[in-house]
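Structural characterization, general
One letter stands for each residue in the lines below.
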Amino acid sequence: MTALTILAGSVYGNAQHAADTVASALGEDGIDCTVLSDPQVSDVEEAEALLVITSTTGQGDIPPNLELVFAELREQFPLLNRKPFAVAALGDSSYGDTYCGAGVQWHELLTELQGKPVADVCKVDAMESLEPEKDVTAFVTSVKDELIS
Ligand SMILES: Cc1cc2nc3c(=O)[nH]c(=O)nc-3n(C[C@H](O)[C@H](O)[C@H](O)COP(=O)(O)O)c2cc1C
């Protein structure tokens, strides 16, 4: 079975908690998951399948702990050869145009790198959801079969 690499981008801990929750739920199903909070380009290149779980900070910005790998991926442009990926974005719709901007940027970049998106960005709105980890887990469960085969 495919192993899943989860990149967690978080400022205040919500997205990190969601990533850890997803990993333990999938782990109970026997799926090999690794959560990375300080990933390298090589982690992305070597992953069998990728799940990005990220909040948005600033004005549509990527959390600092994923900024470097994002910039390096953009610069080095390693092709991902249809590697399956999904993105879950935690945000707040009161930010308007920048709602879930970091997740959208990740989805665009991984698509440009020729990864294979298994779904549109899953957006979880802090205005509506008090337990984002539950929404993210439900999303991942719904795409699990395409992501991990
Ligand atoms: C300073 C600050 C800036 C934010 N900027 C945005 C934004 O531009 N777009 C958005 O959708 N959410 C924005 N948010 C909302 C966060 O993404 C949201 O609260 C998320 O759940 C935080 O997750 P975290 O604890 O993993 O960082 C912002 C929150 C803060 C505190």
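For the structure itself, consult the block above.
Residues numbered from 1 in each chain as written. Predicted model: local features only at pLDDT ≥ 70, side-chain atom pairs only at ≥ 80, totals over all residues. Heavy atoms only, no water.

Before going further, it helps to examine the pattern of salt bridges. Tallying each qualifying case throughout the model produces two salt bridges. Of the charged contacts, one joins K144 and D29 as a salt bridge, the two residues approaching to 3.3 Å between their closest N and O atoms. Taken together, the positions of K144 in helix α5 (residues 132-147) and D29 in the loop between α1 (14-28) and β2 (33-36) put the pair 115 residues apart, joining distant regions of the chain. In this structure D29 comes out as partly exposed when scored by relative accessible area, which is 47%. (Salt bridge = Lys/Arg side-chain N within 4 Å of Asp/Glu carboxyl O. Helix = DSSP H or I, 4+ residues; strand = E, 2+ residues; numbered from the N terminus. Buried < 20%, exposed > 50% of the residue type's maximum accessible area, 1.4 Å probe, protein only.)

Glancing now at the environment of E67. The residue E67 is located in helix α3 (residues 64-76) in this model. Along the primary structure E67 and G9 are separated by 58 residues, whereas in three dimensions their C-alpha atoms are 8.8 Å apart.

Right, let's talk about the site of the ligand for a bit. In the vicinity of the ligand lie 19 residues, with S10, A15, T56, T98 and C100 positioned nearest. In this structure, an oxygen atom belonging to the ligand sits 2.8 Å away from a main-chain N or O atom of N14. A distance of 2.8 Å is found between an oxygen atom of the ligand and a backbone nitrogen or oxygen belonging to G60. When isolated, the ligand has an accessible area of 650 Å², and the protein chains bury 84% of it. In this structure, the ligand is accommodated by the largest pocket. Only α1 and β4 (84-91) provide two or more residues apiece to the shell around the ligand. (Near = heavy atom within 4 Å. Polar contact = N/O pair within 3.5 Å; in protein donor to acceptor, adjacent residues only side chain to side chain. Areas by Shrake-Rupley, 256 points an atom, 1.4 Å probe, with all protein chains shown as cover. 1 Å grid on protein atoms, 1.4 Å probe; cavity = no way out; pocket = protein on both sides within 12 Å on 5 of 7 lines; lining within 4 Å. Sits in = over half its atoms within 2 Å of the grid points.)

What follows is about the packing of aromatic side chains. Taken as a whole and assessed by the stated rule, the structure comprises one aromatic pair. With centroids separated by 5.0 Å and ring planes inclined at 75°, the aromatic side chains of F70 and W106 adopt a geometry described as edge-to-face. Taken as a pair, F70 in helix α3 and W106 in helix α4 (residues 101-112) lie far apart in primary sequence, 36 residues in all. (Phe/Tyr/Trp six-rings, centres within 6.5 Å; stacked < 30°, edge-to-face > 60°.)

Below, the discussion takes up the layout of surface pockets. Each pocket or cavity is described by its volume, and for the largest pocket that value is around 390 Å³. Lining the largest pocket we find 23 residues, and of these S55, T56, L90, G91 and D92 sit closest to its centre. By residue class, the composition of the lining of the largest pocket is ten nonpolar, eleven polar and two charged. (Points joined across faces, edges and corners; volume = space filled by probe spheres on them. Nonpolar A, V, L, I, M, F, W, Y, C, P; charged D, E, K, R; others polar.)

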